[in-house]
Each structure stands twice: as C-alpha cells, then as structure tokens.
Amino acid sequence: MKIVLVFILLLVLLQGCISPTVKTGDPSRYELPGLANTTIFYLNLSSVQSIYNVVDRASVDYRIEDSIQTFRYPVAVDYSGKNVSMNVSIISIMAKNYAHLNFSSNFSGFVAFTIPGGQDFTYFPTDNSTIRVVLPENFTAGTIFLGYVQPVPDNITKDSSGREILVWNNPQNKKIRVRYHQNDTPVMLMYLFGSLLAAALFVWGYYHYSISALKKKREMLEKIPRK
C-alpha cells in the first residue's frame, strides 16, 4: 500500500496539478505573425506581450513567475495567419507554476500571451533562439545611469513606428535585463538639476548678503558713542 501511495505522489510531482482552464484571447491584440526561431517581447509600462515561435509541438509549457492570474489572453496563430484553438491550463510542478497549452494536433506557428510589465524587464532564455525586445514608442534604454541593457545586444534598430528594438542572437543561459525610460527624461533631469543649482546659488548669495548686511549694521552700532 505504501508503495502505491509513493508512486501516486511521484506522478503528481512529475505531471503537476492541473487547474481550471484559462480563457483564450483575441489575436488582433497582438502583432502577429512573428519571426521564425525568434522570441519577441513587446514592452509596456503595465504589461509585456510575449510572442513565441512553436514548431511541430502538440503542447508547450511556459513558466509563470507571478501569480497564475497574471497569465492572460493566450492565443495561437499558425504560419498562414489562421487562429488555432487550444486548451490552456495552469499546472504546478515541483511548487512552480506553468501555463500548459495543449493543441488538438501538432502545431507550428506563433503563441502569444500577456504578462505584467514595467520599466525593468528580465528574461532567462532556455534555448538557442533569437530574442527581440521592443521598447514602447518614445522610450529608450541607451542612456547611461538611466537605462540598463545586459548583455550587450547584437543589434539595436528601430521599426517603422520609431520603436527601439534590441536583438540578441542565441543568448542561451544569459540573463537578459532591460531598464528603459522616456527619451526626454535626460533633458527633464538636466532642467531639474539646473533649477536646483540656481536655487542653491540664490540661497547661498542671499545668505552671504544677509551676513554682510548684519556685519555692517554691527559696525555702525559699535561706532555710535555710548552715553
């Protein structure tokens, strides 16, 4: 009996616990199709749209770093641009959550979904593929101290909308991190520092003027003869 219980426990740990299915999304909310052998991330201040290339797979799993409610609007589109139906569920394997996408037959095309985002993006590639990170319009990651890109991209370009695109070719097992900001942030900071410097100079000048005025008054008082 104990052997049977241990066997069942091992099956649960290996296969994972399956949660209720996740509602699929609308392909029109994504920029599809993507590029072969390429993973694309469209960054936004509040979310990240992830586009993965899938080749001849009956199912795929994607690690969920946050809560399971943050995995939203999954879609699958084949190479011809046709929306493909799939069942999406959340599974737990060794205390880690994964989104399990199961297709009715072997699928080749692009899978997209939305996860939480911000101005600091991190990704750990697990296979040899090209990684493209697309920044929001009017944002950049190239300013020293304000922006941060690791490792150094193999290519930096812009699309037709003027969005900055960072490209890494086969960065397997290298943590990718991008911290980005608005293009005009350095100018705004320069004006801010200039205003603070001007204010500091004004206070310094006023202080020295006040001290000088007090010294003159004291000297005048000292010259008045006492009765």
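Scroll up a little and you will see the structure.
Residues numbered from 1 in each chain as written. Predicted model: local features only at pLDDT ≥ 70, side-chain atom pairs only at ≥ 80, totals over all residues. Heavy atoms only, no water.

(A) Expanded view of the sheet that holds strand E10 (residues 148-150). An order of E7-E13-E10 is seen for the 3 strands of this open sheet, with the pairing classed as antiparallel. Of all the strands in the sheet, just strand E7 (120-123) and E10 have a single pairing partner and so form its edges. Going from strand to strand, the sheet's axes swing by 10° on average, the running direction of each strand aside. (Pairing = 2+ DSSP bridges. Helix = DSSP H or I, 4+ residues; strand = E, 2+ residues; numbered from the N terminus. Axes fitted to C-alpha atoms, helices over the stretch in contact; angles between N-to-C directions.)

(B) Geometry of the packing of aromatic side chains. Scanning the model with the defined rule gives 10 aromatic pairs in all. Judged by centre distance (4.5 Å) and plane angle (35°), the rings of Tyr-52 and Tyr-62 are tilted. Taking the centre distance of 5.6 Å and the plane angle of 75° together, the rings of Phe-139 and Tyr-180 count as edge-to-face. Note that Phe-139 is positioned in strand E9 (residues 139-140) and Tyr-180 in the loop between strand E13 (176-179) and strand E14 (181-182), a separation of 41 residues in sequence. Given the relative accessible area of 10%, Phe-139 is considered buried. Three or more aromatic residues link up through ring pairs in this structure, and these residues are Phe-41, Tyr-52, Tyr-62, Phe-71, Phe-113, Phe-121 and Tyr-123. The lysine or arginine in question, Arg-29, covers the ring of Tyr-73, its NZ or CZ lying 3.9 Å from the ring centre. When the ring centre of Tyr-148 is taken as origin, the NZ or CZ atom of Arg-177, which lies over that ring, is 4.9 Å away. (Phe/Tyr/Trp six-rings, centres within 6.5 Å; stacked < 30°, edge-to-face > 60°. Buried < 20%, exposed > 50% of the residue type's maximum accessible area, 1.4 Å probe, protein only. Lys NZ or Arg CZ within 6 Å of the ring centre and 35° of its normal.)

(C) Broad picture of the environment of Arg-179. Looking at the element boundaries, Arg-179 is found in strand E13. Filtering out sequence-adjacent residues up to four positions away, Arg-179 remains in contact with Gln-119, Asp-120, Ala-141, Phe-145, Leu-146, Gly-147 and Tyr-148. (Contact = heavy atoms within 4.5 Å.)

(D) Structural detail: the nonpolar core. Judged by nonpolar contacts, the single largest core of 32 residues is most densely connected at Phe-41, Leu-101, Val-111, Val-133 and Val-178. Broken down by element, the residue count for this core peaks at 6 residues, all from strand E6 (residues 96-116). Leaving out residues up to four positions away in the same chain, Phe-41 has contacts with Val-48, Gln-49, Ser-50, Tyr-52, Phe-121, Tyr-123, Ile-131, Arg-132, Val-133 and Val-134. The next biggest cluster of nonpolar side chains, apart from the first, holds 10 residues, and it includes Ile-40, Tyr-42, Val-75 and Ala-112. (Core = buried A, V, L, I, M, F, W, Y, C linked by side-chain atoms within 4.5 Å.)

(E) Quick peek at the environment of Ser-108. Within the secondary structure layout, Ser-108 lies in strand E6. Sequence-wise, Ser-108 and Asp-56 are 52 residues apart; in three dimensions their C-alpha atoms are separated by 4.9 Å. Each residue touching Ser-108, except ones within four places of it in the same chain, is listed here: Val-54, Val-55, Asp-56, Asp-78 and Tyr-79. Of the polar contacts made by the side chain of Ser-108, one reaches the backbone nitrogen of Asp-56; its length is 2.7 Å. (Polar contact = N/O pair within 3.5 Å; in protein donor to acceptor, adjacent residues only side chain to side chain.)

(F) Structural detail: the pairing of strand E4 (residues 72-78). E4 sits mainly inside the fold: 5 of its 7 residues count as buried. Where E4 lies against E6, 5 bridges are found, and the strand directions are antiparallel. Its bridge partner lying in E6, Asp-78 is registered against Gly-109.

(G) Broad picture of the pairing of strand E3 (residues 47-63). The pairing of strand E2 (residues 38-43) with E3 spans 4 bridges and is antiparallel. Across the sheet, residue Leu-43 finds its bridge partner in E3, namely Val-48. Bridge analysis of E3 against E6 gives 14 bridges, and the strand direction is antiparallel. Following the sheet pairing, Val-54 is matched in E6 by Gly-109.

(H) Representation of the side chain of Glu-164 in the model. Along the chain, Glu-164 falls in strand E12 (residues 164-169). Lacking a salt bridge, the buried Glu-164 has Lys-158 as its closest oppositely charged neighbour, with an N-O distance of 5.4 Å. A distance of 2.8 Å separates polar atoms of two side chains, one belonging to Glu-164 and the other to Thr-140. Setting aside residues no more than four positions away along its own chain, Glu-164 makes contact with Val-133, Val-134, Leu-135, Phe-139, Thr-140, Ala-141, Gly-142, Ile-156, Thr-157 and Lys-158. (Lys, Arg positive; Asp, Glu negative; His and termini not counted. Salt bridge = Lys/Arg side-chain N within 4 Å of Asp/Glu carboxyl O.)

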